[in-house]
Amino acid sequence: MGLEEAFADEPAFVPYVAAGDPSIEASKAYVEALERGGADAIELGLPFSEPIAEGSTIQGAVVRALEAGMTPDRYFAFVEDLDVEVPIVCMTYYNLVYQYTHPETGEQGPRAFARRSAEAGIEGFVVVDLPAEEAGPLREACDEFDQDLVFIVAPTTRGDRLDRMADHVSGYVYVQARLGVTGAREDVSDQTEQSLARVADWSVPKAVGFGIKTGEHAERIVSAGADGVIVGSALVDIIADGHAAGDPTADVADRLEAKARELKAGALAGARAEAEQS
Amino acid sequence: MSTTKFGEYGGQYVPESLMPAIEELTDAYERYVLDNEDGFTDEFRERLADFGGRPLPLQHAESLSARYDTEVYLKREDLLHGGAHKLNNALGQVLLAKYMGKERIIAETGAGQHGTATAMAAAHLDMPCEIYMGETDIRRQRPNVFRMKINGAEITPVTTGRGTLKEAISETIRDWATTVERTHYVIGSVVGPAPFPSMVRDFQSVISEEARAQSREKEGRLPDAVVACAGGGSNTMGTFANFVDDDEVGLYAVEAGGSSLSVDEEEGVAPNSASLSTGDEGVLHGARTKLLQDSDGQIMESHSVSAGLDYAGVGPELAHLVDEGRVDAVNVDDDAALEAFHRLSQDEGVIPALETAHAFGYLEEHADELGEFVVVNVSGRGDKDLETVLEETEKRDLEVAPDMSVLREVSGGGL
Ligand SMILES: Cc1ncc(COP(=O)(O)O)c(C=O)c1O
């Protein structure tokens, strides 16, 4: 299944977690629970030591995952081990792509990374610190190995930059709902609708992320025209709390599944509301 | 047009939300700094003179010249207002932020020298200012913390990682991504996404503009060697910039060798900050450059006795000049830097910053290879480092260290 198809029938719910947070085994259980809760695709973080676009919640996840021993090669093995059907999108930072050495071919760089990703069954990438201007080598590698390359459109993105990204993007476009770093918020930003309007004529599905915390947020965002919602920090908070309290993995997985259901239900309600409006 | 790359190095590897601000900054850099629009450069030069105290001397160092049997000159950036070369850049960028209509200044700091210079420039130009500083650095550079507070800056401690410069930069980038529309990020060295490396170099190149002319005045010719310490590399690029085209002038960038040049992959720790000499290519904080990283590409925790050199990356232009063979990347360990700190203080009456001391450590070890006329950049003065130096000197058996027992003899004297 391609990334675009995850959005085909109904609004998609796309959760983010960091692979290996707080341990390899627990993290595997959490990803599988998110699929059971209704995830249509999963943004699976490959942790990088300098996560400059993340707020404190996801920084915490990255630290826990690195401490649990997550590395790029273990990440690919982790994905191969996962018992999920929905597409996996690798979310990371460029240095890990740039440094990656393929264990068999010995090749280094974006092409090696895209090859290994394809072998592991990954379907695309979000590389947080790779603007369209610098994305040439990875875009080529993605074409060769049939991977999608998702770009983030920020509230500040306008004009030429939008056109450049429209040329490079595939899979879906990640519409950043507000300025700043990742982190769950109490309200829905009114920058969302303006950002959605700027990409309205793009052919790829539009997924909105940054700050979405509740089913009600998801509903409002989908009714504003999004094709899907991306939720990270609100889920990572559940993992962090469970880890801090020493709760059994199965209990935390149940909480994640329930939260996923709430968010997916919100997205579906948003689609109904949008249909009624039009 | 300015370029974003130095060979393969440099570029703009930043989250999308920052790209428009970086385009806006590029436009402002080209108009005001490169083309002197609205008289920006004239105002900058005037303020550097009146507020900063430029031009600064190129001083003949008599004792060192005798010791090494070569003419040693000191470029006295320690005499710049604030006590380090940092004000050249901070004043330029805060002024540029004003021209751009920004309302707020943020900056990271390691040693606290850049934070101090930025706080001073912000007070001077009436801009609110917030400084991010790692916890470890707050502890080891207290005098600068006081100075920043006294100049009215807010200080936000950064607690992630080892709490040094790398984490402070990451946290400042996060602030900028949130507040970018009205805030300017005054980056402290020739690092970060384009146009920062070029722009910071241009503001700092007043060092070599003066030093080059002063060399001609004092010795009737250009130096055989120019030596500067390198953390991110801003004093380094500033000291080299106007000599780069003079092939007969050797350029030496002295990095912190820390306690050892080897690395601990398991722990992700490099007990040094020698990214130019030992690092390899990667992407950090917006630029492709030489980095201390493990084989997966995770950034290592660097170490140096001097907070201002304690950084896992380095400016992309410097990395390029090293690859081209134009600049020699060398390094000096903690012990040699401390020795050099004491020697310069005793022999020349100049107490250097610990960062600067690395340049003099290199002179001590390699003076005989540097020719007959050597210029060393005194990037800053050492007042901020006195506590660290006393502590670190106690731990070692250094030849030239002063006897500090007087402090033990009076009650409350410390140590
Ligand atoms: C006195 C002094 N010299 C040198 C440095 C290193 O910075 P750079 O390599 O950018 O000149 C610092 C940094 O804080 C400093 O305070």
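Here, residues in each chain are numbered from 1, in the same order as that chain's written sequence. Key to labels: chains lettered from A, ligands numbered from 1, both in the order written. Thresholds applied to this predicted model are a pLDDT of at least 70 for local features of residues and 80 or more for the giving and counting of side-chain atom pairs; totals over whole chains, interfaces and linings are not thresholded and use all residues. Calculation of side-chain values draws on the structure's entire complement of heavy atoms; hydrogens and water are dropped beforehand.

Draft legend 1. Region of the structure containing a negative patch on the surface. Residue and element names in this part refer to chain B. Patch members must show over 30% relative accessible area and no salt bridge, and they are joined within 9 Å when carrying like charges or within 5 Å when they are nonpolar side chains of Val, Leu, Ile, Met, Phe, Trp or Tyr. All accessible areas in this document rest on Shrake-Rupley with a 1.4 Å probe, and a residue is counted as covered only by the protein chains that are shown. Each salt bridge in this description consists of a side-chain nitrogen of Lys or Arg and a carboxyl oxygen of Asp or Glu lying within 4 Å of one another. This count recognises Lys and Arg as positive and Asp and Glu as negative, with His and chain-terminal groups excluded. By convention, the point assigned to a charge is CZ for Arg, NZ for Lys, CD for Glu and CG for Asp. A cluster of acidic side chains, namely Asp-264, Glu-265, Glu-266 and Glu-267, defines a negative patch on the protein surface. Each helix is a run of DSSP H or I of at least 4 residues and each strand a run of E of at least 2, with the numbering of both proceeding from the N terminus. Counting through the fold element by element, Glu-266 comes out in the loop between strand E10 (250-258) and helix H12 (275-278). For every residue, the accessible area (1.4 Å probe, protein chains only) is compared with the maximum for its type, and the residue is labelled buried under 20%, exposed over 50%, or partly exposed between those bounds. Overall, the relative accessible area of 76% leaves Glu-266 in the exposed class.

Draft legend 2. Up close: empty space enclosed by the protein. The definitions used throughout rest on a 1 Å grid laid over the protein atoms alone, on which a cavity is an enclosed set of points accommodating a 1.4 Å probe that cannot get out and a pocket is an open set flanked by protein within 12 Å on both sides along at least five of seven lines; lining residues are those having an atom within 4 Å of a point. Grid points are joined across faces, edges and corners, and a volume is the space filled by probe spheres set on the points. Under the defined criterion, the tally for this structure stands at ten cavities of 30 Å³ or more. Looking at the lining of the largest cavity, the elements that each hand over two or more residues are strand E5 (104-109), helix H5 (113-124), helix H8 (165-179), helix H11 (234-240) and helix H15 (354-366) of chain B. Taken together, the residues that form the lining of the largest cavity break down as nine nonpolar, 17 polar and four charged. Boundaries of every domain are those given by an automatic assignment or by a domain database. Taken domain by domain, the lining of the largest cavity gets at least three of its residues from each of domain 1 (15-51 + 85-200) and domain 2 (58-82 + 205-394) of chain B. In this structure, the second largest cavity encloses a volume near 150 Å³. Along the wall of the second largest cavity there are 17 residues; nearest its centre are Ile58(A), Tyr174(A), Thr182(A), Gly232(A) and Ser233(A). When contributions to the lining of the second largest cavity are tallied by element, the ones reaching two or more residues are strand E8 (228-231) and helix H10 (233-245) of chain A. Under the scheme applied, nonpolar residues are Ala, Val, Leu, Ile, Met, Phe, Trp, Tyr, Cys and Pro; charged residues are Asp, Glu, Lys and Arg; polar residues are all the others, including Gly.

Draft legend 3. Highlighting the sheet that holds strand E8 (residues 183-185) of chain B. All names here are of chain B. An order of E7-E6-E5-E8 is seen for the four strands of this open sheet, with the pairing classed as parallel. If you trace the sheet from one side to the other, it starts and ends with strand E7 (154-158) and E8, each paired once. When strand polarity is set aside, the average angle formed by the axes of neighbouring strands in this sheet is 25°. In this description, strands pair whenever DSSP reports at least two bridges between them. Pairing of strand E6 (residues 129-134) with E7 involves five bridges; the strand directions are parallel. From the neighbouring strand, Met-133 faces E7, where its bridge partner is Pro-157. For helices, the axis comes from a line fit to the C-alpha atoms of the stretch in contact; other axes are also lines fit to C-alpha atoms, and the angle between any two N-to-C directions lies between 0 and 180 degrees.

Draft legend 4. Main features of the interface of chain B and chain A. Residue contacts are defined here by distance: any two heavy atoms, one from each residue, within 4.5 Å place the two residues in contact. The interface of chain B with chain A comprises 34 residues on the first partner and 35 residues on the second. Of the roughly 2,800 Å² buried between chain B and chain A on both sides combined, carbon and sulfur atoms contribute 51%. When two parts are put together, the accessible area they lose, computed with a 1.4 Å probe and summed over both, is reported as buried area. When the buried surface of chain B facing chain A is broken down by residue, Glu16(B), Arg174(B) and Gln298(B) rank first, second and third, together holding 24% of it. For the pair chain B and chain A, the interface holds five salt bridges.

Draft legend 5. Spatial organisation of the domain arrangement of chain B. Residues and elements named next belong to chain B. Taken domain by domain, chain B holds domain 1 (15-51 + 85-200) and domain 2 (58-82 + 205-394). Put simply, the middle of domain 1 and the middle of domain 2, counted by C-alpha atoms, are 22 Å apart. Facing 35 residues of domain 1, the contacting portion of domain 2 comprises 37 residues. Interface area, domain 1 with domain 2, both sides summed: about 2,900 Å², of which 55% is carbon and sulfur. On the domain 1 side of the interface with domain 2, the three residues burying the most area are His-85, Arg-140 and Lys-166, jointly 23% of the side's total. Taken together, domain 1 and domain 2 are joined by four salt bridges. Between Arg-142 and Glu-387 there is a salt bridge whose closest N-O contact spans 3.8 Å. Definition of a polar contact: a pair of N or O atoms within 3.5 Å, with one able to donate and the other able to accept a hydrogen when the atoms are protein atoms, and with sequence-neighbouring residues admitted only if both atoms are side-chain atoms. Counting across the domain 1 and domain 2 interface gives 17 residue pairs in polar contact (both at pLDDT 80 or more). Where the side of domain 1 that touches domain 2 is concerned, the elements lending two or more residues are helix H2 (40-50), helix H4 (86-99), H5, helix H6 (135-140), helix H7 (142-150), H8 and helix H9 (196-204).

Draft legend 6. Structural detail: the side chain of Thr118(B). Residues and elements named next belong to chain B. You can see Thr-118 is positioned in helix H5. For Thr-118, a relative accessible area of 0% puts it in the buried group. Contacts of Thr-118, omitting those with residues within four sequence positions, involve Ala-90, Val-94, Ile-105, Ala-107, Cys-129, Ile-131 and Val-186.

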